[in-house]
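Observations on chain architecture
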Amino acid sequence: MAAEDLPSEFDVVILGTGLAESVVAAACSRVGQRVLHLDRRSYYAANWASFTFNGLLSWIQQHQVKEVQDWSGLLEEGEELIYLSNSDPASIRNLQVFCYTSEEDEEEEAVSPGPSETTEEEAVKETSETESADSKDEEGNHQVRRNFNTPAAHHLPAINTHFMSVQSQAVHTQGEEPEADQPCPSAAPSQSQPTRKKISYAQLVKEGRRFNIDLVSKLMYSRGSLVDLLIKSNVSRYAEFKNVTRILTYRHGNVEQVPCSRADVFASRQLSVVEKRKLMRFLTSCVEEMEEHQAYSGRPYLEFLRNQQLGDNLQHFLLHSIAMVTEDTPTEEGLASTRHFLRCLGRYGNTPFLFPVYGLGEIPQCFCRMCAVFGGIYCLRHSLLCLLLDMSSNRYTSSQCGVSCEDVTCSDPIGRSPCCLCLYRFVSRAVLITDSSVLPSDSEQQVSVVTVPPIAAGCPAVRMVELSPSTMTCVPGTHLVHLTCQSVGSAYEDLSPVVTRMFHTPESPDRGSRPSVLWCLYFNMADGWGVEPEGHDLPSNVFLCSGPDAALGHDHAVRQAESIFQKILPEEDFCPPAPNPEDIIYDGDNSSSSTAGGLEEPEEERQEEPEEEHQEEKQLLEEASPPAEE
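Residues numbered from 1 in each chain as written. Predicted model: local features only at pLDDT ≥ 70, side-chain atom pairs only at ≥ 80, totals over all residues. Heavy atoms only, no water.

Under the annotation held in an unreviewed UniProt entry, the chain carries the name Rab proteins geranylgeranyltransferase component A and is attributed to Amphiprion percula. You can read under Subcellular location (unreviewed entry) in the UniProt record for the chain the words "Cytoplasm, Cytosol". (UniProt positions renumbered as here; feature names shortened; annotations may be inferred.)

In structure tokens, the structure reads:
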């Protein structure tokens, strides 16, 4: 809907289409609230979004600070302006892009950095125009799809893509690594290995629409709050999910599979019979709280594991891959994480995790679809730039475009001036496109989560999620790898040592049998866990949502959405079940037919027609039957 055609009054205005904002929008619309959902971006899900490869190249360009327009002329006596952030430079930093695969058509141009940038610039222009046209054909699809109409990139002012050719035969020794900006000609494949066709950069661009690359890397616990909400609200029917099939860990330079379920433990060849018995005994004891556990309250979880007479193998598996905590984590927190892991086992597969087909960006869009079904109005590429505040009541009254409402939910940092800065913790992220799996297997359907303990003192622990083409996030012949850790430095400084050890790049000391990196992106993203509304001096009817946090699950966003909803509508149920489409009765002649939330047909009218039919049938039967004997 165009901005000029919008109604002027709403119950709730929501800025941003991230997960928490989308859940709030769906919950409010479901109980009959008039919802206006705006997003300044051209796509759904904000920092939770999933992009095609070409769309991701365009996204890199969308982080320039724009001049703030002056709306002070709208002020009346007793009012004050609150400016809203209109860009993402504070939440995304330190983007670095590297291309390690060769491109025959670009090898001559890629010798210097300048032409390589021009080549990628042209690819972004061409593909973004194609996606803009193709997205119009998908508007009638029954599922909520990503909005591919992303702005075309006209230049690369801040991000330089470094093209590097990976030599598959030569082994680089220390001191002989090629320079990042100087590509080397590809060597012939090794004679001892089967020939595998190398995927070029041109092929990545050509097949770009078949990628769905997430900005965040998370998984869904099968008994977590997000899965429970999807089932309760019946929003799960809008998406498909796959089981995470393997839990892996990186140890002593090798990738190993972690036995976590009973079947995995007894089938494992990594553990001795004694270790298997110890592991099963320990996991059984963790299910219930015991007095022995309380004695270790406040003490490190690793100390507790050592005192359980568990070997190094079991301590590593339990600490890093099952509890997924650090050595300094308190015992009570480590045991709680272990119990949560065990409770989620077996509900949908042999691991606790699910992953949505087409990427995590599908989940916010599913809730947006529910909001739209119950009357919510959506307007992309538009946002509120400032709010008019009534100083006497400390409440938002209207926006610069005259939209008034009772409550506002905002995903952006807001403050009393355009120069308001928020202090964030940051998360380091890396996205890799590789040519094979870190642990090859007979199946091409593997979806794996890999835990990487700190590789050196002072380095952060890294969580890795490897997606196969079966998740519809990458093309056949490739894997999509997401790496995440708490930021110590820039994303490249934090994660490139792990990438060079576990994958083959020009910086790797040797090739071995590791998968090769074709293309990679590093960036730092603000950790939404550190954004709290109490620090923003908000009006009483303005609520703040934070972005994605560093945790593996979605509990923080769901709790935040429910908390905001209860403040807006404390008497209403949070996301009650929506009716199934087949249960909705439409009557073109009567305007009274409806479903729940304003569209449900009244019970009396629904039963009136069947009763008339039964009376007619009864009369026919009485006329046809012989008279009863007296």
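Regarding its fold elements, the chain presents 15 helices and 23 strands. Relative to its 630 residues, the chain shows a buried fraction of 53%. Considering only contacts within the chain whose residues lie at least 6 apart along the sequence, 73% involve residues at least 24 apart. (Helix = DSSP H or I, 4+ residues; strand = E, 2+ residues; numbered from the N terminus. Buried < 20%, exposed > 50% of the residue type's maximum accessible area, 1.4 Å probe, protein only. Contact = heavy atoms within 4.5 Å.)

Before going further, it helps to examine the pairing of strand E12 (residues 353-356). Burial of the side chains of E12 extends over both faces: Phe353 and Phe355 are buried on one face and Leu354 and Pro356 on the other. With two bridges connecting them, strand E8 (residues 220-221) and E12 associate as antiparallel partners. Along E12, the bridge assignment pairs Met220 with Leu354. For strand E9 (residues 241-243) and E12, the ladder comprises three bridges, and the chain directions are antiparallel. By the bridge assignment, Asn243 is partnered in E12 with Leu354. (Pairing = 2+ DSSP bridges.)

The biggest cluster of nonpolar side chains holds 113 residues, and the ones touching the most others in it are Phe53, Trp59, Phe367 and Trp519. The dominant element in this core, judged by the number of residues it contributes, is helix H1 (residues 19-30), at eight residues. Counting contributing residues, this core receives three or more from each of domain 1 (9-64 + 79-91 + 358-422 + 530-568) and domain 2 (261-344). Those residues in contact with Phe53 that sit more than four places away from it in its chain are Tyr201, Leu204, Val205, Gly208, Phe211, Ile213, Ile433 and Trp519. (Core = buried A, V, L, I, M, F, W, Y, C linked by side-chain atoms within 4.5 Å. Domains from an automatic or database assignment.)

Glancing now at the environment of Val24. Assignment of secondary structure puts Val24 in helix H1. Between the alpha carbons of Val24 and Cys371 there is a distance of 9.1 Å; along the sequence they are 347 residues apart.

In this section: the layout of surface pockets. Estimates place the volume of the largest pocket at around 1300 Å³. Residue lining of the largest pocket: 39 residues in total, with Met324, Val325, Arg463, Ala551 and Leu552 positioned closest to the centre. Residues of the lining of the largest pocket, tallied by class, amount to 18 nonpolar, 11 polar and 10 charged. Both domains that meet at the lining of the largest pocket, namely domain 1 (9-64 + 79-91 + 358-422 + 530-568) and domain 2 (261-344), each give it at least three residues. (1 Å grid on protein atoms, 1.4 Å probe; cavity = no way out; pocket = protein on both sides within 12 Å on 5 of 7 lines; lining within 4 Å. Points joined across faces, edges and corners; volume = space filled by probe spheres on them. Nonpolar A, V, L, I, M, F, W, Y, C, P; charged D, E, K, R; others polar.)

Counted according to the given criterion, the structure contains 17 aromatic pairs. Measuring from ring centre to ring centre gives 6.2 Å for Phe98 and Tyr100, while their planes differ by 10°; the resulting arrangement is stacked. Phe98 gets classed as buried once you look at its relative accessible area, which sits at 4%. An aromatic cluster is present here, built from Tyr43, Phe51, Trp59 and Phe523 joined pairwise through their rings. (Phe/Tyr/Trp six-rings, centres within 6.5 Å; stacked < 30°, edge-to-face > 60°.)

Our focus in this paragraph is the side chain of Thr351. Looking at the element boundaries, Thr351 is found in the loop between helix H11 (331-344) and E12. Thr351 sits in the buried class, given a relative accessible area of 3%. A polar side-chain atom of Thr351 sits 2.4 Å from the main-chain carbonyl oxygen of Val244. (Polar contact = N/O pair within 3.5 Å; in protein donor to acceptor, adjacent residues only side chain to side chain.)

Our next topic: the pattern of salt bridges. Applying the stated criterion to the full structure yields nine salt bridges. For the salt bridge of Glu466 with Arg246, the shortest nitrogen-to-oxygen distance reads 3.9 Å. Residue Glu466 is found in strand E20 (residues 462-467), and its partner Arg246 is found in strand E10 (residues 246-251); the two are separated by 220 residues along the sequence. Its relative accessible area of 4% is what places Arg246 among the buried residues. (Salt bridge = Lys/Arg side-chain N within 4 Å of Asp/Glu carboxyl O.)

Pairing in this open sheet of three strands is antiparallel, and the strands run E8-E12-E9 from one edge to the other. Since the sheet does not close on itself, it has two edges, and those belong to E8 and E9, each with one partner.

Attention now goes to the packing of helix H7 (residues 273-286) against helix H10 (residues 312-322). It is the contact of H7 with H10, at a shortest axis distance of 10 Å, that shows an interaxial angle of 35°. The chirality of how H7 crosses H10 is right-handed. Residues Glu275, Lys278, Leu279, Phe282 and Leu283 of H7 form the contact with H10, whose participating residues are Asn313, Leu314 and Leu318. (Axes fitted to C-alpha atoms, helices over the stretch in contact; angles between N-to-C directions. Left-handed = near helix turned anticlockwise from the far one by under 90°.)

Right, let's get into unusual backbone geometry. Positioned with a positive phi, Asn94 is a non-glycine residue whose angle comes to about 55°. As for its placement among the helices and strands, Asn94 is situated in strand E5 (residues 92-99). Positive phi, normally seen in glycine, also occurs at Gln309, with a value near 60°.

A few words on the pairing of E20. Burial runs high along E20: six of the six residues are buried. Alternating positions in E20 separate into two faces, Val462, Met464 and Glu466 on one and Arg463, Val465 and Leu467 on the other, with burial throughout. As paired elements, strand E19 (residues 448-452) and E20 share five bridges and run antiparallel to each other. Looking across to E20, one finds that Val450 is bridged to Met464. Examined bridge by bridge, E20 and strand E21 (residues 479-486) share five bridges and lie antiparallel to one another. Paired with Leu467 across the bridge in E21 is Leu480.

The subject of this paragraph is H11. Three- or four-residue spacings in an α-helix give side chains the same orientation, since the helix completes a turn every 3.6 residues. Its 14 residues give H11 an end-to-end C-alpha distance of 20 Å, which sits within 8% of 20 Å, the value for a rise of 1.5 Å per residue. Listed as buried for H11 are Thr331, Gly334, Leu335, Thr338, Arg339, His340, Phe341, Leu342 and Cys344. After H11 finishes, the residue Gly346 shows a positive phi value of roughly 85°. (Expected span 1.5 Å × (residues − 1).)

Okay, the confidence of the model for the chain next. Mean pLDDT over the chain works out to 76, with 66% of the residues at or above the 70 mark. Model confidence for the chain, summarised as mean pLDDT per element, is weakest for strand E17 (residues 414-415) at 44 and strongest for strand E7 (residues 213-214) at 97. Below pLDDT 50 for its whole length, residues 64-68 participates in seven contacts with residues either more than four positions away or in separate chains. (pLDDT = per-residue confidence, 0-100.)

Put simply, H1 and helix H12 (residues 362-373) touch, their axes get as near as 8 Å, and they point 20° apart. Put simply, H1 runs roughly parallel to H12. Here the hand of the crossing between H1 and H12 comes out left-handed. Residues Leu19, Ser22, Val23, Ala25, Ala26, Ser29 and Arg30 of H1 form the contact with H12, whose participating residues are Ile363, Pro364, Phe367, Cys368, Met370 and Cys371. Looking at side-chain class alone, the contact of H1 with H12 contains 10 nonpolar, two polar and one charged residues. (Parallel < 35°, antiparallel > 145°, perpendicular 65-115°, else oblique.)

Following the sequence through the fold, Leu19 ends up in helix H1. Exposure remark for Leu19: the relative accessible area of 2% places this residue in the buried category. Contact partners of Leu19, with chain neighbours within four places excluded, come to Trp48, Ile363, Pro364, Phe367, His554 and Ala557.

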